[in-house]
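# Structural description and commentary
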Amino acid sequence: MTEPTFATLVSRWYARNARDLPWRRPGVGPWAILVSEVMLQQTPVVRVVPAWEAWLARWPEPADLAADTPAEAIRMWGRLGYPRRAVRLRECAVAIVERHGGRVPDRLEQLLALPGVGTYTARAVAAFAYGQRHPVVDTNVRRVVCRAVAGEPDAGPATRPADLVATEELLPVEPAAAALASAAFMELGAVVCTARSPRCATCPVESVCAWRASGQEAPTGPTRRPQRYAGTDRQVRGLLLGVLREATAPVPRQRLDQVWADDVQRSRALAGLVDDGLVEPVGEASFRLAGDGPPVPVP
Ligand code: SF4
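Bear in mind the structure is a predicted one, so any value in this text is a computation, not a measurement.

This paragraph deals with the sheet that holds strand S1 (residues 251-252). Taken in spatial order, the three strands of this open sheet run S1-S3-S2, and their pairing is antiparallel. Strands with a single pairing partner mark the edges of an open sheet, and in this sheet they are S1 and strand S2 (279-282). Where S2 and strand S3 (residues 286-289) come together, four bridges link them in antiparallel fashion. When the sheet's bridge partners are listed, Pro-281 is paired in S3 with Phe-287. Contacting S1, S2 and S3, helix H13 (residues 233-246) crosses the sheet at an angle of about 80 degrees to S3. Packed onto the sheet, helix H15 (residues 263-275) meets S2 and S3 and runs at close to 105 degrees relative to S2.

Once that is clear, we can look at the pattern of salt bridges. Overall, the coordinates contain 18 salt bridges when judged by the stated rule. The salt bridge involving Glu-72 is made with Arg-58; its shortest N-O contact spans 2.9 Å. Of this pair, Glu-72 sits in helix H5 (residues 70-77) while Arg-58 sits in helix H3 (residues 45-58); the two residues are 14 residues apart in sequence, bridging distant segments of the chain. Of the residues examined, Arg-58 reaches a relative accessible area of 33% and is grouped as partly exposed.

Moving on to the packing of helix H2 (residues 30-40) against H3. Contact geometry for H2 and H3: axes closest at 10 Å, N-to-C directions at 140 degrees. Judged by the sense of rotation from one axis to the other, the crossing of H2 with H3 is right-handed. Contacts from Trp-31, Ala-32, Val-35, Ser-36, Met-39 and Leu-40 in H2 reach Val-45, Val-48, Ala-51, Trp-52, Trp-55 and Leu-56 in H3. Split into classes, the residues belonging to the contact of H2 with H3 amount to 11 nonpolar, one polar and no charged.

Let us now look at the environment of Leu-170. Structurally, Leu-170 is set in the loop between helix H10 (161-168) and helix H11 (175-191). For Leu-170 and Arg-199, which are 29 residues apart along the polypeptide, the C-alpha to C-alpha distance reads 21 Å. What Leu-170 contacts, discounting residues up to four positions off in sequence, is Phe-6, Ala-7, Val-145, Val-149 and Phe-185.

Parameters at a glance
- Residues numbered from 1 in each chain as written.
- Predicted model: local features only at pLDDT ≥ 70, side-chain atom pairs only at ≥ 80, totals over all residues.
- Heavy atoms only, no water.
- Pairing = 2+ DSSP bridges.
- Helix = DSSP H or I, 4+ residues; strand = E, 2+ residues; numbered from the N terminus.
- Contact = heavy atoms within 4.5 Å.
- Axes fitted to C-alpha atoms, helices over the stretch in contact; angles between N-to-C directions.
- Salt bridge = Lys/Arg side-chain N within 4 Å of Asp/Glu carboxyl O.
- Buried < 20%, exposed > 50% of the residue type's maximum accessible area, 1.4 Å probe, protein only.
- Left-handed = near helix turned anticlockwise from the far one by under 90°.
- Nonpolar A, V, L, I, M, F, W, Y, C, P; charged D, E, K, R; others polar.

None of the figures reported here should be taken as evidence of function without further support.
In structure tokens form, the structure reads like this:
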């Protein structure tokens, strides 16, 4: 009898242990899956779940979001962080309406051409929404493959073409089984083969894992320092956006001046928000969220 493959072992484990996340339930469509993938890129699951549900209750299809303003997308994004994603997601919805009649495309090259949709997100949507066979490689999957196949403790900082090749080689040939395996690899990296405390003793691929076989110890302590937030431009941007999100009319600069004492840092943060298309000036000395009212006359 042939030994079960790596993908079979992980997929069997996934069938018994997968977390019940709302975007994995039957009947969830491609748009809802695309929204979940964008939200999950830099935000933990526990914070994404309520935001995802609220987002889809308001904009159940791309056309619903495309018809609304960037300002409302930024407001709904709330405090998920990295709010440029909200604007890009709306741009993506507009492109889906204009290029694909409001339906999320199922071809990889069409997905890759959408605003804000990169290598990972395009393949995740093609696999999880359309059951296709593509290597879906996020940080967790890279770590699992790097450890189990190459026998190294951690992957490098960015996804390389070689990571896609190494992951694809592990996928079953049949597309639906490959899509399931992709979800299973991600889950294994998220909850078992974690960066700092891999639970090798309970891992479904312990018997075939090259890193485990090498007898190396699990790494301890943080792999990288947690990103500082207090005092950064990100914090100042968040404070400025917080005021603008609540506003129902353009906000005078003097009001924004109150959120942060350092003039240079505050001005830099505000300029960054304008450059990123999140905020727009109104007249000489007021600001609002992008598109939060009639177009500003060009002088
Ligand atoms: S055995 Fe340990 S290192 Fe190997 S894949 Fe499983 S959790 Fe990761």
